[in-house]
Each structure stands twice: as C-alpha cells, then as structure tokens.
Amino acid sequence: PKYKKLMWDTVYQAISCRGISALWFLPALFIAELLFVLLLRKKGWLRKTIAAVAALSVTLFLSRCFPILEGKFSEDTYMYISYPLLAIAKGITGFFFMILGYGGCRVLSHIKISNIRLAVGAAATILNIILLQYINGTVDFNNMKFGDIPLLWFLCASLGSFGAILVLEYFERFYSYPLLGWGGNNSLIIMAT
C-alpha cells in the first residue's frame, strides 16, 4: 500500500501540473510564459502595471491560503486540492517576475553608461544582502512559503536578480559567460529569482 500510494502521488503530481520533485518549475514556467505572452499582445504600460499588481496580490493571497487549507483537510484531500492550486499560484508568481524583469530591463535600458549600470547593480546587490537578514520564517517557493514578511522576500528576490544581471553584464566586457549565454539571455532573471 505504501508504494501504491507513492506511485499514485507521483502520477497525480504530473497530471495536476504540480511537477515531480525538482521539476516543479517547468509547469510553473509554462503557465507564467503563457500569461506573459497573452499580456504582451496588449499595448500600454498601465495594463502591464495593473497585471503585475494583480499577480502579486493573488500570489500573496494564495500563499496565505495554503496553511489554512492544510489545517482544514486531511493529508490526501489537501494533496488533491493543493497540487493544481500550487501550480497555478507558482505560475502567477513567475508571471509577476516576468513582468518585473521585462519592465525593469526596459527602464534600465535608458541608462547607457556602463559604470552607472554597474553602480546600480552593486547597490541592488548590497541592499539585497542587507535586507536578507530580516527575512524570518520558512522560504520555500515550491510550496508558496515566503517567510514572515512575504513582500520583503519579493523585494529581495527582485533586487538580487537585477543586481546579478547588471554586475555580470558589466564584467561580460572582460570575460564571456558561455554557460549563462547557453541558458538564454532572458532567463537569468528567472534563474536568479
């Protein structure tokens, strides 16, 4: 019975888009990309800003719902309910970071001087390191847990990502990063986050 349950759990992880083991990010990334492509069809930054705020709000709401659902239902029932909801919630969270990355890169493209871009990247990295020490509680993106102050985690994830991009971009003038280039120019924001 133990192995039968384990087999069924693995199958249900796959069909519910929860993702099996470390591959949980694939369905989340697919949902995020799908939402992002649909958003790109719309013109104007007001819609993108509204979509980013809505995505962040839904993410924070859902992250607070999972512990409540876990307390109300049995382990099996919680599994059936939470797996598809987790996939959707992580997809919406990824969608938020994609909008942020797209918009942030557009804003940063106006800064043409590489030394200023490095300074902005270094400042973002240092601020991220300082703020990281204030994140208390469990942080587990896979299970939508973002610590005691979720907005602080989102801020740190964003600062760390942009900081990494800008600092690595500066040093790319002296040394190319074939491994990062192979992973895709636009995927660093997702990997860093």
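Residues numbered from 1 in each chain as written. Predicted model: local features only at pLDDT ≥ 70, side-chain atom pairs only at ≥ 80, totals over all residues. Heavy atoms only, no water.

Peer 1: What exactly am I supposed to notice about the packing of helix α2 (residues 25-40) against helix α4 (residues 75-108) here?
Peer 2: A packed helix pair is summarised by two numbers, namely the angle formed by the two axes and the spacing between the axes. Orientation of α2 relative to α4, taken along the N-to-C sense of each, is 50 degrees, at an axis distance of 7 Å. One finds that α2 runs oblique with respect to α4. Both α2 and α4 take part in a crossing whose hand is right-handed. For the pair formed by α2 and α4, the contact residues are Ala-28, Ile-31, Ala-32, Glu-33, Leu-35, Phe-36, Leu-39 and Leu-40 on the first element and Ala-87, Ile-88, Lys-90, Gly-91, Ile-92, Gly-94, Phe-95, Met-98, Ile-99 and Tyr-102 on the second. (Axes fitted to C-alpha atoms, helices over the stretch in contact; angles between N-to-C directions. Helix = DSSP H or I, 4+ residues; strand = E, 2+ residues; numbered from the N terminus. Parallel < 35°, antiparallel > 145°, perpendicular 65-115°, else oblique. Left-handed = near helix turned anticlockwise from the far one by under 90°. Contact = heavy atoms within 4.5 Å.)

Peer 1: Got a minute to help me understand the packing of aromatic side chains in this structure?
Peer 2: Think of a pair of aromatic rings as described by two things: how far the centres are apart, and how the planes are tilted against each other in angle. Taken as a whole, this structure holds 20 aromatic pairs when the rule is applied. Both rings, one in Tyr-170 and one in Phe-171, keep their centres 5.3 Å apart while their planes meet at 90 degrees; by these two values the pair is edge-to-face. Judged by relative accessible area, which is 37%, Phe-171 ranks as partly exposed. An aromatic cluster is defined as three or more aromatic residues linked by ring pairs; in this entry it consists of Trp-24, Phe-25, Phe-96, Phe-97, Phe-141, Phe-146, Trp-153 and Phe-154. Here the basic side chain of Arg-18 rests over the ring of Tyr-83, its NZ or CZ set 5.4 Å away from the ring centre. If you follow Lys-48 out to its NZ or CZ, it ends over the ring of Trp-45, 5.5 Å from the centre. (Phe/Tyr/Trp six-rings, centres within 6.5 Å; stacked < 30°, edge-to-face > 60°. Buried < 20%, exposed > 50% of the residue type's maximum accessible area, 1.4 Å probe, protein only. Lys NZ or Arg CZ within 6 Å of the ring centre and 35° of its normal.)

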